[in-house]
Amino acid sequence: MTVTLEVAEGVGTLRLDRPPMNALDVATQDRLKELAEEATRRDDVRAVVIYGGERVFAAGADIKEMQNMDHTAMVLRARALQDSFTAVARIPKPVVAAITGYALGGGCELALCADYRIAAENAKLGQPEILLGLIPGAGGTQRLPRLVGPSKAKDLIFTGRQVKADEALAIGLVDRVVPAAEVYEQAHAWAARLAQGPAIALRAAKESVDTGIETDLETGLAVERNWFAGLFATEDRERGMRSFVEEGPGKAKFL
């Protein structure tokens, strides 16, 4: 399998495994979508790590496969390509990308689907599609500017240049830079901490933020208001407030 889902202690690891560079061919895209939807459904998955292994996250699409596709073939495929990444972005649980080595093209777009990105000191990220006479097709022209702003996104997309981890951190493309040997460990720790949290409230927080980014302020506030009020019907809210009153802040156990 080119992508696997391994679950332990509430954390699901979506592991890309297509040596040597984890090129995202059609089969890998479809498998990614299948497992992202599985992670969404499974109650024992409370947070997710996306990981490509110790050497590389994902170096992009399978160019040899794409070279053989004409316009008609890509018209039929482009939506499925986007849908595979959107399935990751819509996992209603905390998702962290553990980025080692290259995250280019589709690899960078996959990292953009996470809520948080931890990169190795030697990581390189970018959207080099322009160098092929193309543009990003798996969400890069949409998610990248929403994350780093339109001018920085245009610089990366227009030039196709790769950015090292320190620059990626400076522009907000990644959120933390650590030694390469610690990337997965720290990503897993981030996910494991949140896997212990109130699952419905975390889902509410993620949906409220993601929806708000895509809409006007009033609509976003309405989404927040509805979720906020709705959480008062949950057992986690009762447990969290009772613990606060009886034991003090930050001591509630949600599992």
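### Notes on the sheet that holds strand β5 (residues 102–104)
Sheets are built from strands paired through backbone hydrogen bonds, the pairs being either parallel or antiparallel.
Step number 1: As summarised here, the arrangement of the three strands in space is β5-β7-β8, forming an open sheet in which the pairing is mixed. Pairing within the sheet leaves two strands with one partner each, and these edge strands are β5 and β8 (162–164). Pairwise comparison of adjacent strand axes, ignoring direction, gives a mean angle of 20 degrees for this sheet.
Step number 2: Relative to strand β7 (residues 124–126), β5 is paired through three bridges, and the arrangement is parallel. Considered in β7, the bridge of Leu104 is made with Gly126.

### Here we look at the pairing of strand β1 (residues 3–8)
Step number 1: Where β1 meets strand β2 (residues 11–16), six bridges bridge the pair, whose relative direction is antiparallel. Its bridge partner being in β2, Val3 is matched across the sheet by Leu16.

### Quick look at unusual backbone geometry
Step number 1: Geometrically, the link from Pro19 to Pro20 is a cis peptide bond, its omega value of 0 degrees lying close to zero.
Step number 2: Here Pro20 is to be found in the loop between β2 and α1 (26–41).
Step number 3: For Glu9, which is not glycine, the phi dihedral falls at a positive 55 degrees.
Step number 4: With phi around 55 degrees, Asn22 is a residue other than glycine that occupies positive phi space.
Step number 5: If you trace the backbone, Asn22 turns up in the loop between β2 and α1.

### Re the sheet that holds strand β6 (residues 116–120)
Step number 1: Pairing is mixed in the open sheet, where six strands are placed in the order β1-β2-β3-β4-β6-β9. The outermost strands of the open sheet, each flanked by one partner alone, are β1 and β9 (176–178). With direction set aside, neighbouring strand axes in the sheet form an average angle of 20 degrees.
Step number 2: In this sheet, strand β4 (residues 95–99) lies alongside strand β3 (residues 47–51) in parallel orientation, the contact comprising four bridges. Directly across from Val49, in β4, lies its bridge partner Val96.

Calculation notes
- Residues numbered from 1 in each chain as written.
- Predicted model: local features only at pLDDT ≥ 70, side-chain atom pairs only at ≥ 80, totals over all residues.
- Heavy atoms only, no water.
- Pairing = 2+ DSSP bridges.
- Helix = DSSP H or I, 4+ residues; strand = E, 2+ residues; numbered from the N terminus.
- Axes fitted to C-alpha atoms, helices over the stretch in contact; angles between N-to-C directions.

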